[in-house]
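# Commentary on secondary and tertiary structure
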Amino acid sequence: MTTLAAVSKQDMNLAVMFADIALVLLVGAGLGRLAQRVKQPVVVGEILAGILLGPSVLGLLPGHLTPRVFPPEVRTLLSAVSQVGLVLFMFVVGWEFEKRLVRPHARLAAGVSLSSIAVAFGLGVALATVLYPEHSSVGGHHIPFSAFATFLGTAMSVTAFPVLARILTEHKLLGSRVGSLSLASAAIDDLLAWCLLAYVSALVSAHGDYSDLAAIGAWSVLYVAGMLLVVRPLVARLMWRWAAAERWPALLSVLCAGALGSAWLTTWIGIHAIFGAFFFGFVMPREPAMVLAQHVRKPLDNISAVLLPVFFIITGLGVDLGALSGTDYLALGAIVVVACAGKLIGAIVPARLAGLSWREAKDLGLLMNTRGLTELIILNAAVSLGVLDGRMFTMLVIMALVTTAMAGPLLSSRSRRPQAAEAVEDAASTGVEPAAQTTGPVAGAGRPGT
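My aim in this report is to walk through the structure given alongside it, one point at a time. (Residues numbered from 1 in each chain as written. Predicted model: local features only at pLDDT ≥ 70, side-chain atom pairs only at ≥ 80, totals over all residues. Heavy atoms only, no water.)

Taken together, the side chains of W219, L222, W264 and W268 make up a nonpolar region of the molecular surface, amounting to roughly 540 Å² of accessible area. Those elements that place two or more of their residues in the nonpolar patch are α10 (210-244) and α11 (248-269). By secondary structure assignment, the location of W264 is in helix α11. (Patch = residues over 30% accessible without salt bridge, like charges linked within 9 Å, V, L, I, M, F, W, Y side chains within 5 Å. Areas by Shrake-Rupley, 256 points an atom, 1.4 Å probe, with all protein chains shown as cover. Salt bridge = Lys/Arg side-chain N within 4 Å of Asp/Glu carboxyl O. Helix = DSSP H or I, 4+ residues; strand = E, 2+ residues; numbered from the N terminus.)

Our next topic: α11. Taking 1.5 Å of rise per residue, 22 residues should cover 32 Å, and α11 covers 31 Å from first to last C-alpha, within 8% of that figure. Along α11, the residues classified as buried are W248, L251, L252, L255, C256, G258, A259, S262, A263, T266 and I269. An end-on view of α11 places all buried positions within 150° of arc, on one side of the element. Of the exposed residues in α11, the ones pointing more than 90 degrees away from its buried face are P249 and W264. (Expected span 1.5 Å × (residues − 1). Buried < 20%, exposed > 50% of the residue type's maximum accessible area, 1.4 Å probe, protein only. Arc of directions from axis to C-beta.)

Positionally, S262 belongs in helix α11. Using a relative accessible area of 4% as the deciding quantity, one classes S262 as buried. In contact with S262, other than residues within four places in its own chain, are Y223, M227, G276, A277 and F280. (Contact = heavy atoms within 4.5 Å.)

To continue, consider the environment of S56. Here S56 is to be found in the loop between α2 (42-53) and α3 (65-69). What makes S56 buried here is its relative accessible area of 8%. The residues touching S56, leaving out its near neighbours within four places in the chain, are I51, V319, D320 and L321. Within the local environment of S56, its side chain forms a polar contact with the backbone oxygen of V319, the two atoms lying 2.9 Å apart. (Polar contact = N/O pair within 3.5 Å; in protein donor to acceptor, adjacent residues only side chain to side chain.)

Below you can see the structure in the form of structure tokens.
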């Protein structure tokens, strides 16, 4: 009977995990659909689903429902499932980063991206000087100001490429000047954001020891060189050979193994696992494009559609609005204002200098201000690195939700009905060409609505 009881406990934990995932999928799908009905990205509904099932809503009801529905021993299992989905999602995000999105207007896109990152990062660091005294310790461990400030600046700098692509699709802006420019800028922004996160994770892993930081930097250089010079050509040869032989299940298995192995390697180096998954995707060959999209990327998107909602729930379980004090709500207001100001000012100024109208520049700033899933990934990475306490995590998740939800409703009505003739005329005046309807990375965007 003792053995049976022990086995039953283990089996029951697995059974509860299965039930929790079923609940997550149903609630996430329902609220995601509701979000779409009110012209919001699916990710807004899924973030709300996580918050509703967490201590902020479900946990306030009689009976302590949140710990009963998601007991601590099951959360560990759910967290593992969510991390597998996250690693595979980041692999697709890296794979779908394509230079052709940036090339048609690289100079202006780079200017908008760098300006929005610089202004948002600078304001984030300035705000960190005010917030740091209240959040300098996590779990009894002191957090260096450099790590806290660098991370907060990074969190303010993020633009979510997949969310932005979804908003452009829903508002029929993919072929407009603002749409094509925002996509290119967001692509650059995402790439720089992951580099900043890699730096922050290395800084935290080194514990302020510059010799350790130098070692992490050296290993990182070797890792990047190995991925570009060794892994990329080997995988390219394998992909062409197996694509010709239509060995799709084997190819999909090898690529998933590569993403997971790369995530392990960057963790061992001292950089967060998601950077390894992203970079493995980044160095992947894009050809043969059509068959890879059908037989490899689409199955990966389907896997993400099932596993990523679990990530939102894990995130929501860490959001506790009831733990915030009056002072924290003032800090939350400051965080939202600084986040919006950094992106809006950083994008509007270079856009206006390039000749875009005020309306176009404002819409560009709103689009660059969307954070979505990209922000949640960075926030969870910071929690795993021990940089954020629970209150700061809650405030930054709310900021991500607000900045993502505000973009669509505030876009100019005229921008929602782009005219080809207007786009061509504007292109002649500023040199920014309207983009053709894009396929591949925009149509897929990793996972629709994220």
